[in-house]
Amino acid sequence: MTTLIPSLLAAALYLGGLLYHIYCLRSRQPLKVDLLRGIGLIALLPHAVSLYLQLLTPQGLALGFFNAASLIAWLVIAVTLLSSVRAPVTTLLLGLYPLALVSVLLASLQGAQTATMIAGQPGLLVHVLLSILAYGILTIAAFQAILLAIQNYQLKHKHPTRLIRTFPPLQTMEQLLFQFLLCGVVLLTLALASGFVFLDSMLAQEVAHKTLLSTLAWVVFSILLWGRHFRGWRGSNAIRWTLAGFLLLMLAYFGSKLVREFLLPL
């Protein structure tokens, strides 16, 4: 079965959810959260089918650059939709639906020859899955930080747009940010620990930069959580530290994959 059909279906549904969200903002119509959530939940089904077909191969688990991005996008959408039942995070979908749309389409076009295969290594698989979970949750935190930065800026300059008026109060936005950060740091801690336990060497030449950057990201996020608890850091401090940690994490994971799979073979 070709991956293109479920990928196109998922992309169409994500696009539909995005256009509906934009329409409600532009026409000042109340957003039907259940409808937006339902579109996302339905889109996750064909997206999951395409991931199943792309990731599981006779040679092992194919976690190439775009496959990994698509898997993380699926996880991010799923966690956000589940969180939206109890927390006001539906605004995040305005940025996450396009992310999922692009990643699912690019993953369907990725050649198998560039994919990173993982087979017969349960410990490595645990490490990879924990890493993807951590990256997914911290991706949500980064999007939350960007929205918080926009909200903070517009409130300070007293020019709130229609989008900002749909946001929860600033204090609620900050609380959500730190909840995502705490969950992400716990998962990142487990991912790093599992790497040192299950892998032969986390400091081997081919993975040393990834280990270093991931550890630096963990330090940045940990300092931010410490500052929040003991110094009451918030606002601009929280936004800057969150985005700095996220940048390090993305360089660690996607930067190394980009170089290894696309630049080195040239």
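The following refers to the structure shown. (Residues numbered from 1 in each chain as written. Predicted model: local features only at pLDDT ≥ 70, side-chain atom pairs only at ≥ 80, totals over all residues. Heavy atoms only, no water.)

### Points about helix α2 (residues 33–55)
At step 1: Along its 23 residues, α2 runs 32 Å from first to last C-alpha, staying within 8% of the 33 Å computed at 1.5 Å per residue.
At step 2: Packed against the buried residues of α2 are α1 (4–27), β1 (56–57), β2 (60–62), α3 (65–83) and α4 (93–109). (Helix = DSSP H or I, 4+ residues; strand = E, 2+ residues; numbered from the N terminus. Expected span 1.5 Å × (residues − 1). Contact = heavy atoms within 4.5 Å.)

### Some details on the nonpolar core
At step 1: Core analysis: the largest hydrophobic core is formed by 72 residues, its most contacted members being Y14, I77 and L181.
At step 2: Breaking this core down by element, the ones donating at least two residues are α1, α2, α3, α4, α5 (122–156), α7 (170–198), α8 (208–231) and α9 (235–263). (Core = buried A, V, L, I, M, F, W, Y, C linked by side-chain atoms within 4.5 Å. Buried < 20%, exposed > 50% of the residue type's maximum accessible area, 1.4 Å probe, protein only.)

### Describing unusual backbone geometry
At step 1: Unlike most non-glycine residues, R28 shows phi in positive territory, near 60°.
At step 2: Its place among the elements puts R28 in the loop between α1 and α2.
At step 3: Here R28 falls in the exposed class, since its relative accessible area comes to 65%.

### With respect to the packing of α2 against α3
Think of two packed helices as two axes; the pair is described by the angle between the axes and how far apart they sit.
At step 1: The N-to-C vectors of α2 and α3 enclose an angle of 150°; their axes lie 10 Å apart at closest approach. When the axes of α2 and α3 are compared, the pair comes out roughly antiparallel. Remark: the crossing between α2 and α3 carries left-handed chirality. Along its contact with α2, which presents R37, G40, L41, L44, H47, A48, L51, Q54 and L55, the element α3 presents N67, S70, L71, W74, I77, A78 and L81.
At step 2: Here the contact of α2 with α3 is built from residues that sort into ten nonpolar, five polar and one charged. (Axes fitted to C-alpha atoms, helices over the stretch in contact; angles between N-to-C directions. Parallel < 35°, antiparallel > 145°, perpendicular 65-115°, else oblique. Left-handed = near helix turned anticlockwise from the far one by under 90°. Nonpolar A, V, L, I, M, F, W, Y, C, P; charged D, E, K, R; others polar.)

### Focus on the packing of aromatic side chains
Ring pairs (aromatic) are described by centroid distance and by the angle formed between their planes.
At step 1: Tallying each qualifying case throughout the model produces four aromatic pairs.
At step 2: Here W226 and F230 contribute two aromatic rings whose centre-to-centre distance is 5.7 Å and whose plane-to-plane angle is 40°, an arrangement assigned as tilted. You can see W226 and its partner F230 sitting in helix α8, four residues apart, about one turn around the helix.
At step 3: Residue classification places W226 among the partly exposed residues on the basis of a relative accessible area of 41%.
At step 4: Given a relative accessible area of 56%, F230 falls into the exposed group. (Phe/Tyr/Trp six-rings, centres within 6.5 Å; stacked < 30°, edge-to-face > 60°.)

### Quick notes on the packing of α1 against α2
At step 1: Following both chains from N to C, one finds α1 and α2 inclined at 160°, their axes separated by 8 Å at the closest point. Relative to α2, the element α1 lies roughly antiparallel. Remark: the crossing between α1 and α2 carries left-handed chirality. Where α1 abuts α2, its residues P6, S7, L9, A10, L13, Y14, G17, Y20 and H21 lie against L35, L36, I39, I42, A43, L44, P46, H47, V49, S50 and Q54.

### Concerning the pattern of salt bridges
Where charged atoms of side chains with opposite charge meet at close range, the side chains can pair.
At step 1: Inspection of every chain in the model, using the stated rule, returns three salt bridges.
At step 2: Note that R234 and E174 form a salt bridge whose closest N and O atoms lie 3.3 Å from each other. Linking R234 in the loop between α8 and α9 with E174 in helix α7, this pair joins segments that are 60 residues apart in sequence.
At step 3: Residue E174 is classed as buried on the basis of its relative accessible area of 3%.
At step 4: Several salt bridges converge on common partners, so that one network encompasses E174, R228 and R234. (Salt bridge = Lys/Arg side-chain N within 4 Å of Asp/Glu carboxyl O.)

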